[in-house]
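# Structural description and commentary
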Amino acid sequence: MTRESVIDRLLARVPYVRWLGVTVDRRGDELTAVLPFSDKLIGNPVLPALHGGVTAAFLETTAVLGLLWATLDGRHGLPDGDEGLPRLPKTIDFTVDYLRSGTARDAYARARVVRLGRRYASVQVEAWQDSRDRPFAQANGHFLMPQG
Amino acid sequence: MELLPGTRTEDVAEMARIFMTVIPHARALGMELVEATPGVVEIAMPWSEEFVGDPRTGVLHGGVISALMDTCCGAAVMTHPTRPATTATIDLRIDYLRSATPGQRVRTRAECFHMTRSVAFVRAVARDEGDTLVATATGSFTVGG
């Protein structure tokens, strides 16, 4: 199975990721996650602004996508799970910095796998809207890799 | 907990309830207020298939726990006796101790334990119905108005 098809399956089969409406944009080796705006994602109706929890969920999803993308590069690999998906990494901890309000429009995020070990991985993620130079949130997370 | 003069517990609970009903995402996830006293808020949400993060196990997505924790912490700031007019998350760290049992509702309890003129410091825990600790959170929040 190609890593492209694993990413597509994850987006289609993980209920909460579907509920959020996350999609991906693949350009060469780079994977950008996209969160299309929807009213149910609002946390502050006055501004209006994205809910901090939505931002965290989007960043965490992007981190897992980035981790799968990096792991399924042909050199590493993951044990098989059900429904044509590999077994997924488990989040150990996740820290989000909220840099400015997420506004009522589409958001984008990209992950950088800083360290990929056999058991543990460390991932950084950044999310932006209008300009990549003005991120509205960044996160750092640690993951437990599934053991074969 | 000691109440400031003029701060009645019922007012705080009402305020926390309103705080939650105006947040579309809190409504979308089915969050409900369990209890609120000044600076301490408890919120729960039911397990639902559509919020699952791992279809193999049926465990809720970490992002759902994040949303619950973030809302609960924000409510704890808003109900603090100093009564800030607004708040926003500066940072929030979540430690996922173990998976919440599939099918069970998750309950979070947040406490705003320190407040300065500009920053509120909050910690929170999440438990499933078996009273098992599933996650802890630590965050700092802006204080406005």
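What you are looking at is a predicted structure, and each value in this text was computed from that prediction instead of being measured.

Attention shifts here to helix α1 (residues 3-13) of chain A. Buried within α1 of chain A are the following residues: Arg3, Val6, Ile7, Leu10 and Leu11 of chain A. Viewed along the axis of α1 of chain A, the buried residues span an arc of 135°, placing them on a single side of the element.

Turning next to the pattern of salt bridges. Per the stated rule, a full pass over the model turns up 12 salt bridges over all chains. Across the salt bridge formed by Asp25 of chain A and Arg27 of chain A, the nearest N and O atoms sit 3.4 Å from each other. Asp25 of chain A gets classed as partly exposed once you look at its relative accessible area, which sits at 28%. Notably, a salt bridge pairs Glu111 of chain B with Arg123 of chain B, separated by 3.7 Å at the nearest N-O pair. Of this pair, Glu111 of chain B sits in strand β6 (residues 106-115) while Arg123 of chain B sits in strand β7 (residues 119-127); the two residues are 12 residues apart in sequence, bridging distant segments of the chain. When its relative accessible area of 31% is taken as the criterion, Glu111 of chain B is described as partly exposed.

Turning our eyes to something else, we now look at the packing of aromatic side chains. The geometry of an aromatic ring pair comes down to the distance between the two centres and the angle between the two planes. Scanning the entire structure with this criterion turns up 5 aromatic pairs over all chains. Here the aromatic rings of Tyr16 of chain A and Trp19 of chain A are separated by 5.9 Å at their centres, their planes lie at 15°, and the arrangement is stacked. In this pair, Tyr16 of chain A and Trp19 of chain A both sit in helix α2 (residues 15-20), 3 residues apart, roughly one turn of the helix. You can call Trp19 of chain A buried: its relative accessible area is 13%. Considering the side-chain rings of Trp19 of chain A and Phe51 of chain B, the 5.1 Å spacing of their centres and the 90° angle between planes classify their relative orientation as edge-to-face. Here Trp19 of chain A is found in helix α2, whereas its partner Phe51 of chain B is found in the loop between β2 (40-45) and β3 (52-54) on a different chain. In terms of burial, Trp19 of chain A and Phe51 of chain B fall into one category: buried. Grouped by ring-pair contacts, the aromatic residues Tyr16 and Trp19 of chain A together with Phe51 of chain B constitute a single cluster. The side chain of Arg3 of chain A reaches across the aromatic face of Trp69 of chain A, ending 3.9 Å from its centre. A cation over a ring is seen here: Lys40 of chain A above Trp19 of chain A, with NZ or CZ 4.0 Å from the ring centre.

Listed as interface residues are 30 residues of chain B and, on the opposing side, 34 residues of chain A. When the two sides are added together, the surface that chain B and chain A hide from each other amounts to roughly 2,500 Å², 58% of it contributed by carbon and sulfur. Among the residues chain B hides against chain A, the three largest losses belong to His25, Pro55 and Arg56 of chain B. Together they make up 23% of the total. Counting across the chain B and chain A interface gives 1 salt bridge.

In the UniProt entry, the feature "domain: Thioesterase" (unreviewed entry) is given for residues 58-135 of chain B. Strand forms 41% of residues 58-135 of chain B and helix 22%; the C-alpha atoms that close the span are 17 Å apart.

So, about the pairing of strand β5 (residues 90-98) of chain A. For β5 of chain A and strand β8 (residues 137-144) of chain A, the ladder comprises 8 bridges, and the chain directions are antiparallel. Bridging from a neighbouring strand, Phe94 of chain A pairs with Gly141 of chain A of β8 of chain A. Bridge count between β5 of chain A and strand β5 (residues 89-96) of chain B: 5 bridges; the pairing is antiparallel. Considered in β5 of chain B, the bridge of Phe94 of chain A is made with Ile94 of chain B.

Take unusual backbone geometry next. Here the bond from Leu47 of chain A into Pro48 of chain A is cis, since omega is -15°, no more than 30 degrees from zero. The residue Pro48 of chain A is located in the loop between β3 (42-44) and β4 (49-50) in this model. Unusually for a residue other than glycine, Arg83 of chain B sits at a positive phi of about 50°. Of note, Arg83 of chain B is situated in the loop between α3 (62-78) and β5. The residue Asp131 of chain B is not glycine, and still its phi comes out positive at about 65°. By the element assignment, Asp131 of chain B lies in the loop between β7 and β8 (133-142).

Scoring rules and cut-offs
- Residues numbered from 1 in each chain as written.
- Chains lettered and ligands numbered in written order.
- Predicted model: local features only at pLDDT ≥ 70, side-chain atom pairs only at ≥ 80, totals over all residues.
- Heavy atoms only, no water.
- Buried < 20%, exposed > 50% of the residue type's maximum accessible area, 1.4 Å probe, protein only.
- Helix = DSSP H or I, 4+ residues; strand = E, 2+ residues; numbered from the N terminus.
- Arc of directions from axis to C-beta.
- Salt bridge = Lys/Arg side-chain N within 4 Å of Asp/Glu carboxyl O.
- Phe/Tyr/Trp six-rings, centres within 6.5 Å; stacked < 30°, edge-to-face > 60°.
- Lys NZ or Arg CZ within 6 Å of the ring centre and 35° of its normal.
- Contact = heavy atoms within 4.5 Å.
- Buried area = accessible area lost by both parts, 1.4 Å probe.
- UniProt positions renumbered as here; feature names shortened; annotations may be inferred.
- Pairing = 2+ DSSP bridges.

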